[in-house]
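Coordinate analysis (summary)
The lines below spell out each chain.
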Amino acid sequence: MRRIHVGNALSAFGLGFTVPYLYVYVAQVRGLGSMTAGLVLAVFAVAALIVLPFAGRAIVRRGPLPVLLASLVTAALGALSLGLSASATTVLLSAAALGAGQAVMQPALATMIVDCSTTETRSRAFATQFFLQNLGLGVGGLIGGHLVDTTSASSFTLLFAIEAAMFLVLVAVMATVRAPRAPRIEQAPGQSGAGSWKQLLGNRAMVQLCVLGFVLFFACYGQFESGLSAYGVEAAGISTSALGTALAANTLMIVVAQFAVLKFVERRKRSRVIAAVGLIWAVAWAVAGYAGLGHGSQTMATAAFISTYALFGLGEALLSPTLAPLVADLAPTGLAGQYNSAFALVKQLALAIGPAVGGPLGASLHAPYIVMFLLFSLGISVLAVRLGRQLTDVQNQPSLARSRVVTRQGGTPADAVAAEA
């Protein structure tokens, strides 16, 4: 588990070096224009959407470690090639390799965490993963910002080379992992790829969780660097430095609050925690509305906008020990990789659609933008409550499994509940 967490931190650190500066690198440093830079960002999403359905099946059949190592090598080659590319074709092909490798890492690492944890320790394991990812992204972005020079293409080549080196170091670290043997799909005769997807789609709780996940990622992560930032600049008059401070406040809130909220999360029903996140984010959107539509001073508007990002960070800290462990607990034996990949696919789809919808709205239709996403946040709470009705007691509140005998409303023992899960 320690090696897996080191792997999460290293991959996030490497991505933090380049992701914030990708647009500038393609559009200005390489002189390929804003259209090509926009296509590069789109290629990341498209590559993820293409490979994730196959990644889940590969993880189930081969195990997460071989799939992770292949994705790391692919991402390393893509990163190095991107740093050396000077034409639009090579830039787009390199971005596709980097995006595909990066996308497959997520479900592979998540499945390894599932294999190396128990129901009781899973929430803390995923909370640690999220903490280290944000720390790695923040530190990588900070160091990368001091190394980069927009007048020198070689400085960007250095950044991408460092990112590629991080992925290769991670290959060496993860190659030493000896994970517990998890059941593979071959142990279930007659279970085809189409059959496993049919089984997943027949799981009402998982389908509802995917719908909920789409709304979560669409209404939060899909707006961070598109609609919400455009709204802040256009409606609230936020400076670029204040926008950077807001992003830093988001990361700081996650780092500070992650383990403080863990005990709170572990003692409560997951559906209620997610519902609480919806309410927190509704407040965040209301505060953003005050920043851009209120009539206070510029100082108050800036403070409110920074508070919006901090409130989003609090919600993220509550979600990290909740969502991913719930996906794992809903997966039948041997299919954790497929369920993780399906949820990652939903996430990528939301992240692809979110900026396309939120960007134009946030830049021009300020009041409708705020109202729309405030309602989406309240919708998260409603969907979470409905999801709770589809979960067993232990799936909704894993701490119940620690008791020797736990009864459901009808008096079913905990062991029977766990068997039903």
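The present account deals with the structure reproduced in this document. (Residues numbered from 1 in each chain as written. Predicted model: local features only at pLDDT ≥ 70, side-chain atom pairs only at ≥ 80, totals over all residues. Heavy atoms only, no water.)

Within the chain one finds 19 helices and zero strands. Split into buried and exposed, the 421 residues of the chain put 51% on the buried side. Considering only contacts within the chain whose residues lie at least 6 apart along the sequence, 84% involve residues at least 24 apart. When the accessible surface of the chain is split by element, carbon and sulfur atoms take 65% of a total near 17700 Å². (Helix = DSSP H or I, 4+ residues; strand = E, 2+ residues; numbered from the N terminus. Buried < 20%, exposed > 50% of the residue type's maximum accessible area, 1.4 Å probe, protein only. Contact = heavy atoms within 4.5 Å. Areas by Shrake-Rupley, 256 points an atom, 1.4 Å probe, with all protein chains shown as cover.)

All right, on to the pattern of salt bridges then. Enumeration according to the criterion identifies two salt bridges in this entry. One salt bridge in this structure joins Arg122 and Asp329, with 2.8 Å as the shortest N-O distance. Here the residue Arg122 occupies a position in helix H6 (residues 122-147), and Asp329 occupies one in helix H15 (residues 323-330), the gap between them amounting to 207 residues. Like Asp329, Arg122 is buried. The salt bridge partner of Arg270 is Asp329, with a shortest N-O separation of 2.9 Å. Here Arg270 is found in helix H13 (residues 270-293), whereas its partner Asp329 is found in helix H15, with 59 residues between them in sequence. (Salt bridge = Lys/Arg side-chain N within 4 Å of Asp/Glu carboxyl O.)

For the rest of this paragraph, the subject is the packing of aromatic side chains. All told, the structure shown has 15 aromatic pairs when counted by the stated rule. Between Phe214 and Phe218, the ring centres sit 5.9 Å apart and the planes meet at 10 degrees, which makes this aromatic pair stacked. With Phe214 and Phe218 both in helix H9 (residues 204-219) and four residues apart, this pair spans about one turn of that helix. Taking the relative accessible area as the measure of exposure, Phe214 reaches 24% and is therefore partly exposed. (Phe/Tyr/Trp six-rings, centres within 6.5 Å; stacked < 30°, edge-to-face > 60°.)

Running from N to C, helix H5 (residues 88-115) and helix H16 (residues 336-364) cross one another at 140 degrees; their axes reach a closest spacing of 9 Å. Comparing their axes, H16 and H5 come out oblique. The way H5 lies across H16 gives a crossing that is right-handed. Two secondary-structure elements touch here, H5 through Gln106, Pro107, Ala110, Thr111 and Val114 and H16 through Ala336, Gly337, Asn340, Ser341, Ala344, Lys347 and Gln348. The residue inventory of the contact of H5 with H16, partitioned by class, reads five nonpolar, six polar and one charged. (Axes fitted to C-alpha atoms, helices over the stretch in contact; angles between N-to-C directions. Parallel < 35°, antiparallel > 145°, perpendicular 65-115°, else oblique. Left-handed = near helix turned anticlockwise from the far one by under 90°. Nonpolar A, V, L, I, M, F, W, Y, C, P; charged D, E, K, R; others polar.)

The subject of this paragraph is the side chain of Gln208. Mapping Gln208 onto the fold places it in helix H9. Aside from chain neighbours lying at most four places away, what touches Gln208 is Arg386, Leu387 and Gln390.

Let us look at the nonpolar core. Residues Met206, Leu209, Leu228, Trp281 and Phe305 are the most contacted members of the largest nonpolar core, which totals 111 residues. Per-element accounting of this core gives the leading share, eleven residues, to H5. In this view, Leu209 contacts Leu323, Leu326, Val327, Leu330, Phe343 and Leu387; residues no more than four positions away in its chain are not counted. (Core = buried A, V, L, I, M, F, W, Y, C linked by side-chain atoms within 4.5 Å.)

Residues Leu135, Val139, Leu142, Ile143, Leu147 and Leu158 make up a contiguous nonpolar surface patch of roughly 480 Å² in combined accessible area. Here the nonpolar patch gets five residues from one element, more than from any other, and that element is H6. Among the secondary structure elements, Ile143 is positioned in helix H6. Take Ile143: its relative accessible area is 35%, and that puts it in the partly exposed class. (Patch = residues over 30% accessible without salt bridge, like charges linked within 9 Å, V, L, I, M, F, W, Y side chains within 5 Å.)

What follows is about the packing of H13 against helix H14 (residues 298-319). The interhelical angle for the contact between H13 and H14, taken along N-to-C directions, is 170 degrees, at an axis separation of 8 Å. It follows from the interaxial angle that H13 and H14 lie roughly antiparallel. Of the residues that constitute the contact of H13 with H14, the class distribution is 21 nonpolar, three polar and one charged.

In this structure Asp329 comes out as buried when scored by relative accessible area, which is 12%. Here the side chain of Asp329 touches Arg270 through a polar contact of 2.9 Å, side chain to side chain. (Polar contact = N/O pair within 3.5 Å; in protein donor to acceptor, adjacent residues only side chain to side chain.)

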